[in-house]
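Residue-level listing of the chains:
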Amino acid sequence: MKHFVFLILLTLAGSVAAPFNPIWGLLLYYSVSILKPQTMWDWSLPVEWPWAKLAAAAAILGVLLNASKLFNRARFSLIVALMFAFLILMTFSTLTAHDPALSQFWLLEYAKVLVMAIIVTLLVERMWHIRALGAVVLVCIGYIGWEANYRYFFDGRMDIYHHGFGDLDNNGAGLMLAMGLPFAYAFAMTASRYWMRIVSVVAGFFILHAMLMTYSRGAMLASIVAVAWLLAHHKPRKQAAAIAAVLALIVAIQAGPEIRERFMLTTQFERDYSAQSRLTSWEAAYEIVKEHPLTGVGIRNSNTYTKNYGADQVGRTIHSQYLQIAADSGIPSLLVYLGLVCASLACMGQARKLVVQKIAQDDPELAWWGRHRLRHMHTVILSCQGSLIVFLFGSVFLSLEVFEMPWMLMGIAAVLPRVVRSEIERMREPVSAEIPEGDDERPATLEPSLAPVPIASGSKSKSKKRKLNRLRSTWILRGKGLPQS
C-alpha cells in the first residue's frame, strides 16, 4: 500500500506543477516510465493503473496550457524533422503490414515515445533541465539496482536474470542498467554536496552489480565501451587512471566465476547457443529485407516470419535493433533512424566542443563562477553521450525500439548546442548587472551579512573559501549582483 500512496502523491505533485512549469510533467513521465511501477510493485498495488499514460497526459496538458510561450521559442531542428519522418514511415509500414492489429499496437508505442521526445525539445532550455532529467535517470535506475541487490543478498533471488525487469528480459534490463552508469559518474563528479557524490557512487555500485547479475554480455560490452569513452575524456589523467583501477578491482570482486565464464564465451561464439541463435535470426532478417525492402512486413511482424527464414524457433525476435527496423519497416526507415542517431551524436559532440573551446579560451569576461560551471556542463554532456553510446552499441545485439531513455537523449541532443550557447551568454553577462526589478541602481554598500569575507594572501583555508562562495551565491540569487573589488 505504501507504494500506491507514493505513486498517488508523485502523480498529483507532478500533475499540479505541470501547468505552471511543464518540465515537472516531463520529469514525472520519465520517472514512472523508467521505474515501471505497474510491474515492479504489482504485488503491492491494489489496482492496476496506467501510470505512464497518466504522467504523459499531465505533461501534454502542461504543454498545451503553455503552448503560446513554448511554440514562440521553438526552433527548427533536423532531429525533430527526422523524428516526424520516422513516425510517418512507421505509419506506412503499419498500413501495409501482414498483421495490421499487431503493427498498430507497436505504432502507438512508437507514437508515445516520439511525442514525448519532441516535447523534450520544446521544454528543455536550461542546463538544469538536463541535469534534472539525468537525476531522474540516476535515481530510478539506482533504485532498480538497489531492489535487484536486495533480493539477491537478503532473499537469495536473481529475479533480474530469470524474469528481467518490467516488460524487458534480462538482456534489456542489463542494457537499461548500463545506461545509468554514465549518470552516476556525472553526479559523482559534479554534485554540489559531498553526500550527494557519495550517494551517486553507491548508486553506481548497485547499478553495476545488478547489471552483472543479468548475465547480459551485450550490456557488459556496451558498459566497457562507455566507461572507456568517459575516462578517455576525463581530466586530470591520473584521476582517470585511478578510477579505472578502482572499477577493475570492483568488477573483479563483484563478477563471480559464472559471470566471468559467461562473458568469456563471447570469444567462443561457435559453440555458444545464444550467439548462434542471434546469427540465424540476423540471417533471417536479411532475407526478409531482401524480399520487402521498402516498407518491410510491418512493425514487429518479422517475429512471426523468422522461423520460415531459418531462425531456431517460432517467434524468434531479431536480436538487433537495426536489422529489426529494416525487416519490420524497410530500408528507408532504417536510414532515417541511422540519420537520427548520427545527428544526435553530432549535436552532442558540437555542444561539448563549444564548452571545451570556451574552457580553453579562459575568457576574462566570464563571471567568476563561469569556469566552474563550464566544467560541470562538460561532464553532464559527456554522460549523455556515454549513455547514448551504451544504447547504440548494446542495441546491435538487442531489439529495444520503444525504450524511452534513448529517445529522451535524442530529444536533449536536438537542443543541446542552443542550451550551451545560452548558458555561455549568461556567464558573460556582468554579475553586477543582475539588478532585480524595481531597483534603479546597485546598492552602494553591502549588507553586513552578505559582505564578502576577505581572505589573507596565500591563505588555503577551505572553510573560508566555502563561506565566501556561499555568500556570493546568496547575493547573486537575491538578484543584486556582486560588487567588484
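Here the structure is shown first, and the text comes after it.
Just so you know, the residues in each chain are numbered from 1, in the order the chain's sequence is written. Reporting of local features is limited, given that this is a predicted model, to residues whose pLDDT is at least 70; pairs of side-chain atoms are given and counted only at 80 or more, and all residues count toward the totals for whole chains, interfaces and linings. Side-chain numbers here rest on the full set of heavy atoms in the structure, without hydrogens or water.

Remarks on the overall build of the protein chain
Then, in step 1: From N to C terminus, the protein chain includes 20 helices and zero strands.
Then, in step 2: Here the protein chain, with 485 residues, has 49% of them falling under the buried criterion.
Then, in step 3: Within the protein chain, contacts between residues separated by at least 24 positions form 78% of all contacts whose residues are at least 6 apart in sequence.
Then, in step 4: If you sum the accessible surface of the protein chain, you get close to 23500 Å²; carbon and sulfur atoms cover 63% of it. Secondary structure elements follow DSSP: runs of H or I of four or more residues count as helices, runs of E of two or more count as strands, with numbering from the N terminus. Buried residues are those whose accessible area, probed at 1.4 Å on protein chains only, stays under 20% of the maximum for their type, while exposed residues exceed 50% and partly exposed ones sit between those limits. Note on contacts: a residue pair qualifies if any of its non-hydrogen atoms lie within 4.5 Å across the two residues. Computed by Shrake-Rupley with a 1.4 Å probe, the accessible areas treat only the displayed protein chains as cover when residues are assessed.

Side note on the side chain of Ser 93
Then, in step 1: Inspection of the secondary structure puts Ser 93 in helix H6 (residues 78–95).
Then, in step 2: Given a relative accessible area of 0%, Ser 93 falls into the buried group.
Then, in step 3: Apart from the residues lying within four places of it in its own chain, the contact partners of Ser 93 are Ser 103, Thr 295, Gly 298, Ile 299, Asp 328 and Ser 329.

Overview of the pattern of salt bridges
Where charged atoms from two side chains of opposite charge approach closely, those side chains can pair.
Then, in step 1: Whenever a carboxyl oxygen of Asp or Glu lies within 4 Å of a side-chain nitrogen of Lys or Arg, that contact is scored as a salt bridge. Counted by the stated rule, this structure contains nine salt bridges.
Then, in step 2: The partner of Lys 112 in a salt bridge is Glu 109, and the shortest N-O contact between them spans 3.8 Å. Note that Lys 112 and Glu 109 are positioned in helix H7 (residues 100–123) at a spacing of three residues, about one turn of the helix.
Then, in step 3: Using a relative accessible area of 22% as the deciding quantity, one classes Lys 112 as partly exposed.

Overview of unusual backbone geometry
Then, in step 1: With an omega of 5°, the peptide bond running from Lys 235 to Pro 236 counts as cis.
Then, in step 2: Structurally, the position occupied by Pro 236 is in the loop between helix H12 (217–232) and helix H13 (237–254).
Then, in step 3: Although it is not a glycine, Arg 300 adopts a positive phi angle of roughly 60°.
Then, in step 4: In this structure, Arg 300 sits in the loop between helix H15 (273–291) and helix H16 (321–329).
Then, in step 5: Classification of Arg 300 as buried rests on a relative accessible area of 11%.

Quick word on the packing of helix H8 (residues 127–155) against helix H18 (residues 370–394)
Then, in step 1: Every axis in this analysis is a line fitted to C-alpha atoms, fitted for helices over the stretch in contact. Angles between the N-to-C directions lie between 0 and 180 degrees. The N-to-C vectors of H8 and H18 enclose an angle of 50°; their axes lie 11 Å apart at closest approach. In terms of orientation, H8 and H18 fall into the oblique class. With respect to the hand of their crossing, H8 and H18 are arranged in left-handed fashion. Note on element contacts: H18 touches H8 through Met 377, Val 380 and Cys 384, opposite Met 127, Ile 130 and Arg 131.
Then, in step 2: Only Asp, Glu, Lys and Arg are considered charged, only Ala, Val, Leu, Ile, Met, Phe, Trp, Tyr, Cys and Pro nonpolar, and every remaining residue, Gly among them, polar. Of the residues contributing to the contact of H8 with H18, the split by class is five nonpolar, no polar and one charged. Should an angle fall under 35 degrees it is taken as roughly parallel, and over 145 as roughly antiparallel, whereas 65 to 115 is taken as roughly perpendicular and any remaining angle as oblique. Whether a crossing is left-handed or right-handed is set by the direction in which the near helix is turned from the far one by less than a right angle, anticlockwise for left-handed and clockwise for right-handed.

Structural notes on a nonpolar patch on the surface
Then, in step 1: Like-charged residues within 9 Å of one another, or nonpolar side chains (Val, Leu, Ile, Met, Phe, Trp, Tyr) within 5 Å, are grouped into patches, provided each residue has over 30% relative accessible area and no salt bridge. Together, Trp 146, Tyr 150, Tyr 152, Phe 153 and Phe 154 make up a nonpolar patch on the protein surface, roughly 560 Å² of accessible area in all.
Then, in step 2: Mapped onto the secondary structure, Tyr 152 falls in helix H8.
Then, in step 3: A residue is classified by how much of its surface remains accessible, and Tyr 152, at 33% relative accessible area, is partly exposed.

Section: the side chain of Thr 214
Then, in step 1: Inspection of the secondary structure puts Thr 214 in the loop between helix H11 (194–213) and H12.
Then, in step 2: Contacts of Thr 214, omitting those with residues within four sequence positions, involve Ile 160, Tyr 161, Asn 170, Ala 173, Gly 174 and Leu 177.

Structural notes on the packing of H8 against helix H10 (residues 170–190)
Then, in step 1: At a minimum axis separation of 8 Å, H8 and H10 run at an interaxial angle of 120°. As summarised for this structure, H8 and H10 are arranged oblique, according to the angle between their axes. Like other packed secondary-structure pairs, H8 and H10 cross with a definite hand, here left-handed. Facing Arg 131, Gly 134, Ala 135, Val 137, Leu 138, Ile 141, Ile 144 and Gly 145 of H8, the residues of H10 in contact are Met 176, Leu 177, Gly 180, Phe 183, Ala 184, Phe 187 and Thr 190.
Then, in step 2: Tallied by class, the residues present in the contact of H8 with H10 amount to 10 nonpolar, four polar and one charged.

Notes on the environment of His 162
Then, in step 1: Within the element layout of this structure, His 162 appears in helix H9 (residues 159–162).
Then, in step 2: Each C-alpha atom of the pair His 162 and Thr 214 lies 8.1 Å from the other, and the pair is 52 residues apart in sequence.

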